[in-house]
Amino acid sequence: MVYYLEQLSNGLAIGSIYALIALGYSLVYSILNLINFAHGYVIMVGAFVALQLLALGVHPALAVLLACCSGALIAMLVERIAYRPVRHANRVIPMISALGAGLVLSAAAQLIWGPEVRSFPQLIPRFPVEIGGINLSSQSLVILAISVVLVVASSWFLHRTRFGLAAQCVRQDMVAAQLMGIPVNTVIVAIYALGGFLGVAGSILFAMYFNAVFIQMGLLATTKAWAAAMLGGIGSFQGAFWGGILLGLAETLAVITVGSAYRDGVSMAIIVGVLLLRPAGLFGTTIKERS
Amino acid sequence: MTLLSCEGISKSFLGVKALVDVSISVVEGETLGIIGPNGSGKTTFFNILSGLERADAGRILLKGRDITRTPPHRISAQGIVRTFQNLRLFGGMTALDNVICGGHKEAPTGFLGQIAQTARVRRAEAEGREHARACLADVGLGAYENAFTTQLSYGQTKRLELARALNGRPRILLLDEPTAGMNDVQAGEILELVAAMRQRHALTLIVIEHNVPVLARFADRIVVMDAGQKLVEGLPGDVVRDARVIEAYLGTGAA
Amino acid sequence: MTQTLASLAPAPRLRGLAVLLFVLALAVLPLVLPGRFWLHIVSLTMIYTIFVLGQNIVTGWAGMLTLGQAAFVGMGAYTSVILTMQYGVPWPLAALAAGAVAGITGALLSIPCLRVKADFLSLVTIAFNQIFFVVANNWMDLTRGPMGIPGVPAMGAFGWQATTATQQFWLILAVVILLFVIVGRLTRGPIGRAWKMIRDDEIAAGTIGVNVTGYKVLAFGVGCFLCGLGGSIYGHYMRFISPDMFKLEESLLLMQMAILGGLASMPGTALGVFLMIAIPEALRSQEPWLITARPGIAGAMLVLLMIFRPNGLLGLGETPPVLRKLRAALPWGGAK
Ligand SMILES: Nc1ncnc2c1ncn2[C@@H]1O[C@H](COP(=O)(O)OP(=O)(O)OP(=O)(O)O)[C@@H](O)[C@H]1O
Ligand SMILES: [Mg+2]
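Just so it is clear, the model here is predicted, and its values are computed rather than measured. (Residues numbered from 1 in each chain as written. Chains lettered and ligands numbered in written order. Predicted model: local features only at pLDDT ≥ 70, side-chain atom pairs only at ≥ 80, totals over all residues. Heavy atoms only, no water.)

## Some points on the pairing of strand β9 (residues 221-226) of chain B
All names here are of chain B.
Next, step 1: Counting buried positions over the six residues of β9 gives five, a clear majority of the element.
Next, step 2: Summarising the sheet, strand β3 (residues 31-35) and β9 pair through four bridges and their orientation is parallel. Residue Ile34 lies in a different strand from β9, and its bridge partner there is Val223.
Next, step 3: Connecting β9 to the next strand, strand β10 (residues 229-234), in antiparallel fashion are two residues, including Ala227 with a positive phi near 50°. (Buried < 20%, exposed > 50% of the residue type's maximum accessible area, 1.4 Å probe, protein only. Helix = DSSP H or I, 4+ residues; strand = E, 2+ residues; numbered from the N terminus. Pairing = 2+ DSSP bridges.)

## Brief notes about the interface of chain C and chain B
Interfaces are often described in size by the accessible area the parts lose on coming together.
Next, step 1: Taken together, the contacts link 31 residues of chain C with 34 residues of chain B.
Next, step 2: Summed over both sides, the interface of chain C with chain B buries roughly 2,900 Å², with 65% coming from carbon and sulfur.
Next, step 3: Close ionic contact of Glu125 of chain B with Arg193 of chain C constitutes a salt bridge, the shortest N to O distance being 2.9 Å.
Next, step 4: Across the contact surface, chain C and chain B share eight residue pairs in polar contact (both at pLDDT 80 or more).
Next, step 5: Elements with a minimum of two residues in the side of chain C that touches chain B: α7 (165-188), α8 (190-200), α9 (202-208) and α10 (212-238) of chain C.
Next, step 6: Sort the elements by how many residues they give to the side of chain C that touches chain B and α8 of chain C lands first, with eight residues.
Next, step 7: The residue makeup of the side of chain C that touches chain B, split by class, is 16 nonpolar, seven polar and eight charged. (Contact = heavy atoms within 4.5 Å. Buried area = accessible area lost by both parts, 1.4 Å probe. Salt bridge = Lys/Arg side-chain N within 4 Å of Asp/Glu carboxyl O. Polar contact = N/O pair within 3.5 Å; in protein donor to acceptor, adjacent residues only side chain to side chain. Nonpolar A, V, L, I, M, F, W, Y, C, P; charged D, E, K, R; others polar.)

## Side note on the coordination of the magnesium ion (ligand 2)
Residue and element names in this part refer to chain B.
Next, step 1: Of the protein atoms, only Thr43 (OG1) and Gln85 (OE1) coordinate the magnesium ion (ligand 2), at distances of 1.8 to 2.2 Å. Within this pair, whereas Thr43 is found in helix α1 (residues 42-49), its partner Gln85 is found in the loop between β6 (80-82) and α3 (95-102), the two being separated by 42 residues in sequence.
Next, step 2: For Gln85, a relative accessible area of 28% corresponds to the partly exposed category. (Donors = N, O, S within 2.8 Å, 3.2 Å for Na, K, Ca; no water.)

## Let's talk about the pattern of salt bridges
Next, step 1: Enumeration over the complete set of coordinates arrives at 21 salt bridges over all chains.
Next, step 2: The partner of Arg84 of chain A in a salt bridge is Glu79 of chain A, with the nearest N and O atoms 3.1 Å apart.
Next, step 3: According to the relative accessible area criterion, Glu79 of chain A is buried, its value standing at 0%.
Next, step 4: Between Lys230 of chain B and Glu233 of chain B there is a salt bridge, with the nearest N and O atoms lying 2.6 Å from each other.
Next, step 5: What emerges from the salt-bridge pattern is a single network uniting Glu30, Arg221, Lys230 and Glu233 of chain B.

## A look at a nonpolar patch on the surface
Next, step 1: A surface patch of nonpolar side chains, about 490 Å² in accessible area, is lined by Leu14, Leu17, Leu20, Leu21 and Leu24 of chain C.
Next, step 2: Classification of Leu17 of chain C by relative accessible area gives partly exposed; the value is 47%. (Patch = residues over 30% accessible without salt bridge, like charges linked within 9 Å, V, L, I, M, F, W, Y side chains within 5 Å. Areas by Shrake-Rupley, 256 points an atom, 1.4 Å probe, with all protein chains shown as cover.)

## Considering the domain arrangement of chain B
Residue and element names in this part refer to chain B.
Next, step 1: The domain boundaries assigned to chain B delineate domain 1 (2-79 + 170-250) and domain 2 (91-156).
Next, step 2: Domain 1 and domain 2 are separated by 28 Å when their C-alpha centres are compared.
Next, step 3: Taken together, the contact between domain 1 and domain 2 spans eight residues of the former and five residues of the latter.
Next, step 4: Here domain 1 packs against domain 2, burying approximately 520 Å² in sum over the two surfaces, 53% of which is carbon and sulfur.
Next, step 5: For domain 1, the biggest contributors to the area lost against domain 2 are Ser76, Met182 and Leu193; these three give 46% of the whole.
Next, step 6: Between the two partners, domain 1 and domain 2, sit one salt bridge.
Next, step 7: When residues of the side of domain 1 that touches domain 2 are traced back to their parent elements, those giving at least two are α2 (72-77) and α7 (184-201).
Next, step 8: Element by element, the count of residues in the side of domain 1 that touches domain 2 is highest for α7, at three residues. (Domains from an automatic or database assignment.)

## Thoughts on the packing of helix α3 (residues 69-87) of chain C against helix α11 (residues 248-261) of chain C
Residue and element names in this part refer to chain C.
Next, step 1: As a packed pair, α3 and α11 sit with axes 7 Å apart at the nearest point and diverge in direction by 115°. Taken together, the axes of α3 and α11 are roughly perpendicular relative to one another. Taken together, the residues of α11 that come into contact with α3 (itself represented by Gln69, Ala70, Ala71 and Val73) are Glu250, Ser251 and Leu254.
Next, step 2: Of the residues contributing to the contact of α3 with α11, the split by class is four nonpolar, two polar and one charged. (Axes fitted to C-alpha atoms, helices over the stretch in contact; angles between N-to-C directions. Parallel < 35°, antiparallel > 145°, perpendicular 65-115°, else oblique.)

So, in structure tokens, the structure goes:
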């Protein structure tokens, strides 16, 4: 029993990381109906940037902050170069363009940092914390706390500020929003930036948790983030958070029952299951394309 | 003899009541005009008829058979074909290919037959192409077979969509604002063309139109929609003079 | 007013002649090529054409993004290799079975996505590829895991085996020609048109009478069948298979080739493979960085293409003005 509770805290931590990454995908999808494949690569680059800055001796907190900002910056560049010119084209086209941009990032990262798996410094000390007789990992608790703070802050930003209101308008009807004088382009760029920022925060935590940074981590995180986003309902903030948590728990459960090789199968099972049973996710509603 | 009857159709989108208990029926060979202000639910009615949206309540009978929950392609197979207010042409194809596509239901789609290119398949393909050519010529686009939709003028794309619908061999043709964005002369031409097709193919027509005088000459009967409800139904002459219609819709300009 | 680069080609009859000449030139290649190395590169290119044709049916004709075709290639390869090696099934049968297993799995997998929104197909296929890799790596009894399966028998039938490089080359060429003819017939007729309708406008396609979900599943099934069949040829040509050959990165390459060459275009399919397999492989020893940089270079080209020529180099669409001028200057004046 105690063992399971300890695993539970790991599940919560990894789940909250998925949630952070999922938000970037989910936000862009809810506004633009685009699976922004570049996101996974952007956050991978962000994790490498953090690693690089740390290696250069930058103070950890500053390094992480700068890396998150670099993620926002790259996401904005991707939007400007690869996405905006094709915004109104047939729907697979922006997806392909985003993926193309992602592959460029991936090749660049491979040229700069090489294809090997690098280890990531443990910025958050890992020691057992005893709460009520159960040993939890300090790292898991801190990760969970950081994620919750970030999710709550962005939720406030998107629901309680003027910018958030504008974003909701763009999401409901881009053309009408434009006509009403909402700076649609600015809103979209900001959404990309926010997604990039949160995503890199997620990928750095991911790197710390698994003690690894590697080129393929972005694409690996993609399916997991989507499983989380879809489970919670695409576009929904709390949804992405709870979806991530549920996925983290489900994966941890899979690892202790069938073995760690099949951890990655959970997210696919969830995606297919959600599509089959509840396309709107557990907490969301879908908006159909108008005919 | 009623061909199509819709009984008590209601539909709302996230609280917006697009249709409220609307009943409309058409008789074989008749032309029904639908008018109504913007947002009164006309297009939504077409979407439900053609199976793109599911009604919240009510049912649709085609020759007495319930088609309320039938998917779009089956409805199309039963002879209900439509055009779209905002044009839905296939951008990656030439004009002729667009029209050929309209005849999809008639084409043999057996997988092995296609691979073997049996004599029957080849004959059907050639016939389909000829039929499509004829339809394209009927709407006056015979010279534009190889043009892509982006190379056509707005009026021409409207005609192209009409040709595509005609090649679907409709029994009931639903036209959603076929003359939108045209001046009176062009609108008259299009409706004349539609009238000729109606004659030739013995079509039953439901036409959504904003141009009331033109429609009044063309339709056998007119339904006026307002805020999702059927306001008035009657002969064109009566409808145009109806006080409620004038108030709700014609108001200032027309009449 | 016809199709892009294709419009530079001579009129249909001449075009048929050109294709015939091209095929003949390919067929005599083994007799003139200086060594095994070059023959290998052309054979490999032809095999990849099969995979990319499968990808192109899904992405080019039916307009759905799939990012896991390498898993279906792998599925076909493993099916065929295991059937021939452990059960003594003759290769042609095993190859068909490989196609069928991949095709049916693909179709089943696609049903939940396609009912909702084809966008999610791309996610599910990524996940599927990752899972395929994990399973192939871990199911030691069946696949021998990361060690792979060596000693795969050569292709052949009725007691004959294609053991020399030349024989293999001709066999692959014959299969590729057969598949191109079949896909050509499928895509020019009502089935291919239905796919294109769905790609261009799903809603209009439905009201015209196209069973949208049905045709999407069909497209994915056929695409995966081709990949599975190609996978069988790949495995028996390389005489060795291992999970590494069917990784997600490989899928992304297939996707890039299909788009680069030309969506919904058969010559485009060949061109894409030529650019991304033949050239880097040929230069592998002189310019090894090309292989590493390949996804990035192609990625940048994808972005540019999506902005300026969304259907790929040979894809269909309007003729850009430059090409129109060029065509007018050609002696045969281009196709009608
Ligand atoms: N898919 C949808 N989602 C949400 N609201 C919708 C949808 N389709 C229609 N509506 C709403 O339903 C109402 C009726 O719309 P509809 O398009 O049927 O009107 P209409 O009579 O065709 O108008 P118009 O003359 O402008 O074409 C409108 O308020 C519209 O905003
Ligand atoms: Mg309308």
